[in-house]
Every structure is written in structure tokens, then in C-alpha cells.
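Summary of the model geometry
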Amino acid sequence: MNYLTGLALGVSAGHKLHQLLQGGGFTLVHALPARRRYRHDDLLDNRELALQWERHLRQVQGITQVKITPETGSILLLYTCRDEYLDLVMDDLSRRHKMPDPRTGYGRLGMNIRGLGRQVNRNIVKNTDQLLDLRTILAGLMFVSGAAKMWTLGQRPSGPQMVWWAYSLLKGRY
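Let us look at the structure shown here. (Residues numbered from 1 in each chain as written. Predicted model: local features only at pLDDT ≥ 70, side-chain atom pairs only at ≥ 80, totals over all residues. Heavy atoms only, no water.)

Our next topic: the pairing of strand β4 (residues 74–79). Of all the six residues making up β4, five are buried; the element is thus mostly covered by neighbouring parts of the structure. Looking at chain direction, strand β3 (residues 63–69) and β4 are connected through six bridges and run antiparallel. Residue pairing in the sheet places Lys-67 in a bridge with Leu-76 of β4. In sequence, β3 turns back onto β4 through a hairpin of four residues, with Gly-73 there showing a positive phi of about 75°. (Buried < 20%, exposed > 50% of the residue type's maximum accessible area, 1.4 Å probe, protein only. Helix = DSSP H or I, 4+ residues; strand = E, 2+ residues; numbered from the N terminus. Pairing = 2+ DSSP bridges.)

If you look at soluble globular proteins, the nonpolar side chains tend to sit buried side by side. Trp-53, Leu-57, Ile-63, Ile-75 and Leu-77 are the most contacted members of the largest nonpolar core, which has 19 residues in total. The set of elements that each furnish at least two residues to this core consists of α2 (47–58), β3, β4 and α3 (83–98). Excluding anything up to four places from it in sequence, Trp-53 contacts Phe-26, His-40, Leu-43, Ile-68, Ile-75, Leu-93 and His-97. (Core = buried A, V, L, I, M, F, W, Y, C linked by side-chain atoms within 4.5 Å. Contact = heavy atoms within 4.5 Å.)

Here the focus is the packing of aromatic side chains. Two measures describe an aromatic ring pair: the distance that separates the ring centres and the angle between the ring planes. The full count for this structure, using the stated rule, is two aromatic pairs. Here the aromatic rings of Phe-26 and Tyr-38 are separated by 6.1 Å at their centres, their planes lie at 80°, and the arrangement is edge-to-face. Of this pair, Phe-26 sits in the loop between α1 (3–22) and β1 (27–32) while Tyr-38 sits in strand β2 (residues 35–39), and the two are twelve residues apart along the sequence. We classify Tyr-38 as buried; its relative accessible area is 5%. Taking the centre distance of 5.2 Å and the plane angle of 35° together, the rings of Phe-26 and Trp-53 count as tilted. Placement of the pair is Phe-26 in the loop between α1 and β1 and Trp-53 in helix α2, with a sequence separation of 27 residues. In this structure, Phe-26 and Trp-53 share a single accessibility class: buried. An aromatic cluster of three or more residues is present, and its members are Phe-26, Tyr-38 and Trp-53. (Phe/Tyr/Trp six-rings, centres within 6.5 Å; stacked < 30°, edge-to-face > 60°.)

We now examine the pattern of salt bridges. A complete count under the given rule lists six salt bridges for this structure. Between Asp-87 and Arg-36 there is a salt bridge, with the nearest N and O atoms lying 2.6 Å from each other. One end of the pair, Asp-87, is in helix α3; the other, Arg-36, is in strand β2, and 51 residues separate them in sequence. Judged by its relative accessible area of 35%, Asp-87 is partly exposed. Across the pair Arg-82 and Glu-84 runs a salt bridge whose closest N-O atoms are separated by 3.4 Å. A single salt-bridge network, built from bridges that share partners, covers Arg-36, Asp-83 and Asp-87. (Salt bridge = Lys/Arg side-chain N within 4 Å of Asp/Glu carboxyl O.)

Spelled out as C-alpha cells, the structure:
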């Protein structure tokens, strides 16, 4: 298998994995001006989640009426805001639903790890007069390691892959 075939296979596998992990989100079932109906698999027979989402959606400006039916997993929204705003609200609700509750052990662990990473990054930025950050340092290490493997060991594609990862990390810095 050559490098391009492996890359194409990896991209295809990545898309399939993303589809598998993403599934079960909101599905827009019906839309009229100022009225939408969604379905979500996790709402089925889940009254507690339905009440939680209903409380949340009632607080959103521009949403005038919310009716959630746990028996069908259906959400009916009447709204006065723009459609794009409602799309953002539903995307935000979907993201919040996927995040672990910070009160659980798993949620606390994730928050602690992210907090530690942010603190380390702030210290690096502060101590280098904003010249470096954690992303830049990791990208530099990957670049040097990848270049060394390419140069000394003739390894391919792991060396070029590390160089690409370093470039990708730096690309999003500013």
C-alpha cells in the first residue's frame, strides 16, 4: 500500500468513526416559519432529561413555547428569533448534552485535566513573554522528532506525519 492509498483509507475510516460517534443527536422532523419539531433518541422515556431541556429552552430569548414529549422523544418549539439563532441554540444544547456532568467523577477528572492544561499554558506564555505557548512547544517537539526520524532513520510516513501534525497545530494558533 502506498502513502496516498493509506491516507485515503485513513480519511475514509475517520469519516465512518465520526458518524458512529456522532449519531443519536437532534433530528429536525418538521419546520414551518416560527415553528419546528425535533426528535432526539435520548429523550425517549426520559422525563428527567425532558424537564431539564424544557427549563433550559424556556429561558432562551426568542423561544416562546416549548413542548417536549418523552414518550416520542419529540421537541416542539415556537419561536420569534431568526432560524440561524435557533440552529445555534440547538447545536449548543447538543454539545452540552454530550459533555459529562461536572459533578460526576468522570466530569471532574476531565475538568481537572483541562484546568491543568490551561494553567500550564498560561505559565508558559507568561514566562516566555508571550513568545511560546503549549501548542507551539508540542508542535516544535513533533517537528524535531519527525524531522530526526526522517533524516536519520529514513522512516516514512511517520516522520512526515509528525511534521504535518506540527504544521496543523501551528496553523490554528492565531
